[in-house]
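# Inside the fold
Spelled out, the chains give:
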Amino acid sequence: RFRTFFKYFTKNKKAFLKYSGLSFIAGILELFGVALTYPFIIKLLAKEPQAGFFNSPLIIGLSIITLFLVKNALMIFYNYLQAKFTKNIEAELNLSFMKYFLSSSYQESSKISLAQKENILGFLIPNVINNYILRLLNLNVNFFIFGLITLFLIIKFPVATVITMIFAFVIIGLQNLIFKPKLLKIANSQSHASAMYNQRANEAILNIKSVKVSNNEKFFYENYKTAIFNFFKISRQALFFNTIPPYVTEPFIIILLFVLLSVITIENFSEPEKLVASFAVIVSAIFRLSPTIARIQVN
C-alpha cells in the first residue's frame, strides 16, 4: 500500500517524510513528558532534598509542563499542515479526473456514466483522502508516540511491560479480526450504494421532462427513495462500526493498567519512593497511550 501510495503521489513523498519527522519529534516530546514524571516524584518524596538547579522538583515539574505545551503547539501546526496537504491532494485528484473527462474522446468519456463520474468526484476521491491518506498520516504520528513510550516502558519496567504488551496485542488482533472484515464489506457496499444513489438522482432530475410526459413521477421517486435509504443505511453502519473500537479498547486499557501496577508493586514493594514514582510513570504513560491506541484502532 505504501508503494502504491508513492507510485501515484511521487511528488508528495518529501512532504510525507516531513510529516514523519514532525511525528517523530512529537513522539520524543511525549516520551520526555512521561519519563520526567519518575525523577519528579522521586525528588518530591526525597527525605533530604538534593542540591542543584536540575534536582529541584519545581524545575522538573515546569519542564514537564513546558514539554507538553510545546508538543501541543507542534501538533496544532502538524494538523494545519496535514489539512493543507490532504486538501491539495484532493484538489489535484479531482482536477486530474475532470481533465480526463473533458480531454478524452466522446466515445471514451461516455463509457463512464454521469452517475459514475459524480460518484468519483463527489464520493470516491473524498473517501480516498479521508479514509486512506488522512488515516495514514494519523497512524504515522500515533505509531511514533505509541512506539517511543512503549520502548521507554520496556527499558524501565521490562517484565511488566512485556506481559502487558502481549496481552494488548492479542486484544488488538482479536478486534481487527472481528471489525476489519466487517468494515471492508461495508466500505464496498457503500461505494456501490453511492453510485446507485447518484444514478437514480440523475435519472429523475435530468429526465424531468420525460418523467412528466410519461406521468412516471411515482416510479422515479420510489427508485430514488430505495437508493437513498440503502445508501444512508450502509453509511449509518459504517459510522456506527467506526465508533466501536475506542469503547472496546477502554476497559482493556484499565485491565492493562492493573496488570502493570500489580507487577510493579511486586517488584518494588520494599522501596516505597520508587513504587510511588513508578505508579506515577505508569499512570502518566497509560494516560498518553490510551487515546493513542484508540486512534490507532479507529484509523
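The structure under discussion appears in the preceding block.
The present account deals with the structure reproduced in this document. (Residues numbered from 1 in each chain as written. Predicted model: local features only at pLDDT ≥ 70, side-chain atom pairs only at ≥ 80, totals over all residues. Heavy atoms only, no water.)

What follows deals with the overall build of the protein chain. When its secondary structure is counted, the protein chain shows 10 helices and 0 strands. N-terminal to C-terminal, the α/β element order of the protein chain is α-α-α-α-α-α-α-α-α-α. Out of the 299 residues in the protein chain, the part that is buried amounts to 39%. Contacts in the protein chain between residues at least 24 apart in sequence constitute 81% of all its contacts with a sequence separation of at least 6. Of the roughly 18000 Å² of accessible surface on the protein chain, a fraction of 69% belongs to carbon and sulfur atoms. (Helix = DSSP H or I, 4+ residues; strand = E, 2+ residues; numbered from the N terminus. Buried < 20%, exposed > 50% of the residue type's maximum accessible area, 1.4 Å probe, protein only. Contact = heavy atoms within 4.5 Å. Areas by Shrake-Rupley, 256 points an atom, 1.4 Å probe, with all protein chains shown as cover.)

Turning our attention to the pattern of salt bridges. Under the definition given, this model contains 2 salt bridges. Two residues, E90 and K87, come together in a salt bridge whose shortest N-O distance is 3.0 Å. Within this pair, E90 and its partner K87 are both found in helix α4 (residues 57–103), separated by 3 residues, close to a single helical turn. Residue classification places E90 among the buried residues on the basis of a relative accessible area of 15%. For K87, a relative accessible area of 48% gives the class partly exposed. (Salt bridge = Lys/Arg side-chain N within 4 Å of Asp/Glu carboxyl O.)

Attention now goes to the packing of helix α7 (residues 158–206) against helix α9 (residues 217–267). Close contact between α7 and α9 brings their axes to 8 Å; oriented N to C, the two are set at 170°. As judged from the angle between their axes, α7 and α9 are roughly antiparallel. Tallied by class, residues from the contact of α7 with α9 come to 32 nonpolar, 12 polar and 4 charged. (Axes fitted to C-alpha atoms, helices over the stretch in contact; angles between N-to-C directions. Parallel < 35°, antiparallel > 145°, perpendicular 65-115°, else oblique. Nonpolar A, V, L, I, M, F, W, Y, C, P; charged D, E, K, R; others polar.)

Another aspect to go through is the packing of aromatic side chains. Taken as a whole and assessed by the stated rule, the structure comprises 6 aromatic pairs. Look at F97 and F101: their rings are 6.2 Å apart centre to centre, the planes differ by 45°, and that puts the pair in the tilted class. Of this pair, F97 and F101 both sit in helix α4, 4 residues apart, roughly one helical turn. F97 sits in the partly exposed class, given a relative accessible area of 30%. Under the relative-accessibility criterion, F101 is labelled buried at 9%. Relative to F220, the ring of F219 lies with its centre 5.4 Å away and its plane at 85°, an arrangement referred to as edge-to-face. (Phe/Tyr/Trp six-rings, centres within 6.5 Å; stacked < 30°, edge-to-face > 60°.)

With that settled, the discussion passes to the layout of surface pockets. Where empty space is left can be seen by rolling a probe of water-molecule size over the atoms. Approximately 210 Å³ is the volume found for the second largest pocket. Lining the second largest pocket are 13 residues, and of these M75, V141, N142, I145 and R295 sit closest to its centre. Elements represented by at least two residues in the lining of the second largest pocket include exactly α4, α6 (114–156) and α10 (272–298). Broken down by element, the lining of the second largest pocket gets its largest block of residues, 5 residues, from α4. Class assignment of the residues belonging to the lining of the second largest pocket gives a composition of 4 nonpolar, 5 polar and 4 charged. (1 Å grid on protein atoms, 1.4 Å probe; cavity = no way out; pocket = protein on both sides within 12 Å on 5 of 7 lines; lining within 4 Å. Points joined across faces, edges and corners; volume = space filled by probe spheres on them.)

Here the focus is a nonpolar patch on the surface. On the surface, I154, V162, I166, V170, L174, L177 and I178 cluster together into a nonpolar patch covering about 650 Å² of accessible area. Take the nonpolar patch: its biggest share by element is 6 residues, from α7. The residue L174 is located in helix α7 in this model. Note on L174: relative accessible area 44%, which makes it partly exposed. (Patch = residues over 30% accessible without salt bridge, like charges linked within 9 Å, V, L, I, M, F, W, Y side chains within 5 Å.)

Let us now look at α6. With 43 residues, α6 should cover 63 Å at 1.5 Å per step; its first-to-last C-alpha distance of 60 Å lies within 8% of that length. At I120, α6 is deflected by roughly 40°, the largest bend along its length. (Expected span 1.5 Å × (residues − 1). Bend = angle between axes of the 7 residues up to and from the residue.)

What follows deals with the packing of helix α2 (residues 13–35) against α6. Packing of α2 against α6 leaves a shortest axis separation of 8 Å and a crossing angle of 35°. Here the hand of the crossing between α2 and α6 comes out right-handed. For the pair α2 and α6, the contacting residues are F16, Y19, S20, S23, F24, A26, G27, I28, E30, L31, V34 and A35 in the first and L136, L137, N140, V141, F144, I145, L148, I149 and F152 in the second. Taken together, the residues of the contact of α2 with α6 sort by class into 16 nonpolar, 4 polar and 1 charged. (Left-handed = near helix turned anticlockwise from the far one by under 90°.)

Summarising the element assignment, P291 is placed in helix α10. Taking relative accessible area as the criterion, P291 reaches 31% and is therefore assigned partly exposed.

A word on empty space enclosed by the protein. Counting across every chain of the model gives 2 cavities of 30 Å³ or more. As a volume, the largest cavity reaches approximately 80 Å³. Together, L153, T161, T164, M165, A168, I253, L256, L260, I286, L289 and I293 line the largest cavity. Elements with a minimum of two residues in the lining of the largest cavity: α7, α9 and α10. Of all the elements, α7 adds the most residues to the lining of the largest cavity, at 4 residues. Residue composition of the lining of the largest cavity, by class: 9 nonpolar, 2 polar and no charged. Size it by volume and the second largest cavity reaches roughly 60 Å³. Of all elements in the fold, only α7 and α9 reach the threshold of two or more residues within the lining of the second largest cavity. Tallied by class, the residues present in the lining of the second largest cavity amount to 7 nonpolar, 2 polar and no charged.

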